[in-house]
Amino acid sequence: MKNFNSAKEEIFVLGIESSCDETACAVVKNGREVLSNVIVSQIDIHKLYGGVVPEIASRNHVEAIDKVASLALEQSGKTLNDIDLIAVTYGAGLVGALLVGVSFAKGLSQATGIPLVGVNHIEGHICANYLNHPELQPPYVCLLTSGGHTAIIRVDGYVDYTVLASTVDDAVGEAFDKVARVLGYSYPGGPNIDKNAAKGKPGYKLPGVVVSNGNFSYSGLKTAVINTVHNVEQRGEQVNKEDMCASFTHAAIDGLISRSGQLLLESGLKKFAVAGGVGANSYLRAEAEKLGKRLGVKVYLPQLVYCTDNAAMIAAQGYYMAKEGGEFSDLTLNACPTLKLRGKKPD
Ligand code: KG4
Ligand code: ZN
C-alpha cells in the first residue's frame, strides 16, 4: 500500500457513493475543490414503484459504478496515478447498495495500492458545505436534514461532532416523502411538495415537531396530515393540495429552525450550516437565512447539487478523516446499513 502523505500540498481524493439510489463518483482536491462530480440517478426507475426497491438499486449500481468512476477521473483531468486516497460510503444505507461501492473501492485500492477510507454518509453530508464555502471551518452548528436523519449537531472539529438534538422517530425527509405519497405525488416527494407549497397558503392546522425534551418527532405530524385528508374526503370534499403542502412544510420546518436558533444562542457560535437533502427545500433555505439575520449569525447553505447524495461530500470527509484523524480502512471494511453519527452527547 502506498503511503498517505498528509503534508503533501495537493491531495486528490476519489469519492465513491452508492448508499441509496445514486451511483456517484467525484474527484476533490484538498477536501474543498471539486474537480469532477458525476451522479447517475436511478430515480426514474424507482418512481415506477413509488420508492426505492433495494434489489433493483444494487443491480443498477453494479452496472454503473465502473463507468461512473472512469468518467469522474476523466472529467477531473486526473488519472489513478494522481489519486492519493479512495473514500467510500460504508453506511448508513441499503446494505446491498452499500456493498457495491465498498467492494469496488476495496478492489481498486488493492489493485492500485491507493489508501482507502470508509466514510459515514451522514458525516459526508455535513462536509457538503466545505465544497462551496472555502472559508467555513469548525466550530459551527449544523442542521442536518436528510431522508434518513434529522439532527442539530455542533461540529467541534472536522471529525468531531456533538449531537445537540435529533429525531426520536422519522426523519424529516422521510416525512416529506410519506406525506407526498398521501397527496398522490410521485417519488421522491420532497421536491414535489416544495414546488406545490410555493403556490399554497399554510391554512391547515397541524402539530409542531419539537417534543418536550427538545428533540423532534415527525410521526404526529404525519398522522395529522393523513387524518386531515381522510376527514376532508369523508365529507365528500377534496383537500387543497397546495395549501396542505404549504401547511406541512411550515409545520415540518419551523420547529427545526426555532430549535436551531435556541441551540445557536446556547452554543454562542456565530456560524450556522444546513446539510442534507431537505436542505434543498426553498422554505427551509429562506427561513435559515432569516434566522441568521435575526441572530447575527452567518448562514452556510450547500449548493443544491451538494444537498442530495453525491460523492464529492464523501471525498471531502475522507480527506479530513485521513489528514486530521489519521483514519484509514483495510480489507475488513464492510457495509454497515445502520451506522450512526459517531457524535458525542452534549456535556
Ligand atoms: O440526503 P438525501 O439525499 O438522502 C439521505 O441521505 O437520506 O435526502 C433525500 C431526501 C428525500 O426524502 C427527499 O424527498 C428530500 O431529501 N428532498 C427534499 C427536497 N429535495 C430533496 N425535501 C424537501 N424539499 C426539497 N426541495
Ligand atoms: Zn444522503
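Look up a bit, the structure's there.
From a predicted model like this one, the values you see are computed outputs, not experimental measurements.

The next thing to look at is the overall build of the protein chain. Helix and strand counts for the protein chain stand at 11 helices and 10 strands. Compactness check: the protein chain gives a C-alpha radius of gyration of 20 Å against a globular reference of 20 Å for 347 residues, within 12% of the reference. Dimensions of the protein chain, computed from C-alpha atoms along their principal axes, come out at roughly 70 × 45 × 30 Å. Long-range pairs, those at least 24 residues apart, make up 73% of the contacts in the protein chain between residues at least 6 apart in sequence. By element, 51% of the accessible surface of the protein chain is carried by carbon and sulfur atoms, the whole surface being about 14,500 Å². Considering the protein chain, the positive charge centre built from 32 side chains and the negative charge centre built from 35 side chains are found 4 Å apart.

To continue, consider the packing of aromatic side chains. Enumeration according to the criterion identifies 7 aromatic pairs in this entry. Each ring, one from Y130 and one from Y158, has its centre 5.2 Å from the other, and the planes form 65°; the classification is edge-to-face. Remark: Y158 occurs in the loop between β7 (150–157) and β8 (160–166) and Y130 occurs in the loop between α4 (121–127) and β6 (140–145); sequence separation between them is 28 residues. Both residues of the pair, Y130 and Y158, belong to the buried class. Here the aromatic residues Y130, Y140, Y158, Y319 and Y320 are joined through ring pairs into a cluster of three or more.

For the rest of this paragraph, the subject is the environment of H46. On the secondary structure map, H46 appears in helix α1 (residues 43–47). What makes H46 buried here is its relative accessible area of 0%. Separated by 37 residues in sequence, H46 and E9 place their C-alpha atoms 42 Å apart. Look past the residues within four positions of H46 in its chain and what remains in contact with it is D21, G51, V52, V53, I56, A57 and Y187.

Each protein donor to the zinc ion (ligand 2) is listed here as H121 (NE2), H125 (NE2) and D309 (OD); together their distances run 2.0 to 2.1 Å. Classification of the site at the zinc ion (ligand 2) as irregular follows from its 4 donor atoms and the range of 96 to 136° in their angles at the metal. Each donor residue of the zinc ion (ligand 2) lies on one chain, and together they are spaced H-x3-H-x183-D. Here H121, found in helix α4, pairs with D309, found in the loop between α10 (304–307) and α11 (312–325); they are 188 residues apart in sequence, far enough to count as distant. The pair formed by H121 and D309 is uniform in burial state, with each residue classed as buried.

Let us now look at the site of ligand 1. The environment of ligand 1 is made up of 18 residues, and the closest members are H125, G147, D177, D194 and G277. H125 is positioned with one of its side-chain polar atoms (N or O) 3.0 Å from an oxygen atom of ligand 1. Protein contacts shield 87% of the accessible area of ligand 1, which totals 550 Å² for the unbound molecule. Of all the secondary structure elements, the ones that give two or more residues to the shell around ligand 1 are α4, α5 (172–182) and α6 (189–197).

Let us now look at the nonpolar core. Membership of the largest hydrophobic core comes to 46 residues, with the highest contact counts inside it found for Y218, L221, F248 and F272. Elements with a minimum of two residues in this core: β6, β8, α5, α6, α7 (219–234), α8 (241–267), β9 (271–275) and α9 (282–295). Broken down by element, this core gets its largest block of residues, 11 residues, from α8. Excluding anything up to four places from it in sequence, Y218 contacts T150, T167, D169, D170, A171, V172, A175, V209, A252 and L256. Listed in part, the 40 residues of the second largest apolar core include A128, Y130, L136 and Y140.

Turning to the sheet that holds β8, a few remarks are in order. If you walk across this open sheet you meet the 5 strands as β8-β7-β6-β9-β10, and the pairing is mixed. The strands lining the two open edges of the sheet, one partner per strand, are β8 and β10 (298–300). Recorded for the sheet is a direction-independent mean angle of 25° between the axes of neighbouring strands. Inspection of the sheet shows β9 paired to β10 by 3 bridges, in the parallel sense.

Glancing now at α7. Taking 1.5 Å per residue as the helical rise, α7 with its 16 residues ought to reach 22 Å, and the 22 Å between its terminal C-alpha atoms agrees with that figure. When we look at burial in α7, the residues that qualify are L221, K222, A224, V225, T228, V229 and V232. Buried positions in α7, seen along its axis, are confined to an arc of 160° and lie on one side of it. For α7, the elements touching its buried residues are α5 and α8. Once α7 ends, the next one or two residues include G236, with phi positive near 80°.

On to the environment of E289. Note that E289 resides in helix α9. Residues within four places of E289 in sequence aside, it is in contact with V299 and L301.

This paragraph deals with the pattern of salt bridges. Throughout the structure, instances matching the rule amount to 12 salt bridges. Residues D44 and K47 are paired through a salt bridge, measuring 3.8 Å at the closest nitrogen-oxygen approach. Residue D44 and its partner K47 are located together in helix α1, separated by 3 residues, close to a single helical turn. Residue classification places K47 among the partly exposed positions, given a relative accessible area of 37%. Of the charged contacts in the structure, one is a salt bridge between K290 and E287, with a shortest N-O distance of 2.8 Å. One end of the pair is K290 and the other is E287, both in helix α9 and 3 residues apart, which spans about a single turn. Taking the relative accessible area as the measure of exposure, E287 reaches 13% and is therefore buried.

Definitions and limits used
Residues numbered from 1 in each chain as written. Chains lettered and ligands numbered in written order. Predicted model: local features only at pLDDT ≥ 70, side-chain atom pairs only at ≥ 80, totals over all residues. Heavy atoms only, no water. Helix = DSSP H or I, 4+ residues; strand = E, 2+ residues; numbered from the N terminus. Rg over C-alpha atoms; globule rule 2.2 N^0.38 Å. Contact = heavy atoms within 4.5 Å. Areas by Shrake-Rupley, 256 points an atom, 1.4 Å probe, with all protein chains shown as cover. Lys, Arg positive; Asp, Glu negative; His and termini not counted. Charge placed at Lys NZ, Arg CZ, Asp CG, Glu CD. Phe/Tyr/Trp six-rings, centres within 6.5 Å; stacked < 30°, edge-to-face > 60°. Buried < 20%, exposed > 50% of the residue type's maximum accessible area, 1.4 Å probe, protein only. Donors = N, O, S within 2.8 Å, 3.2 Å for Na, K, Ca; no water. Tetrahedral: all angles 85-135°; square planar, octahedral: opposite > 155°, others 65-115°. Near = heavy atom within 4 Å. Polar contact = N/O pair within 3.5 Å; in protein donor to acceptor, adjacent residues only side chain to side chain. Core = buried A, V, L, I, M, F, W, Y, C linked by side-chain atoms within 4.5 Å. Pairing = 2+ DSSP bridges. Axes fitted to C-alpha atoms, helices over the stretch in contact; angles between N-to-C directions. Expected span 1.5 Å × (residues − 1). Arc of directions from axis to C-beta. Salt bridge = Lys/Arg side-chain N within 4 Å of Asp/Glu carboxyl O.

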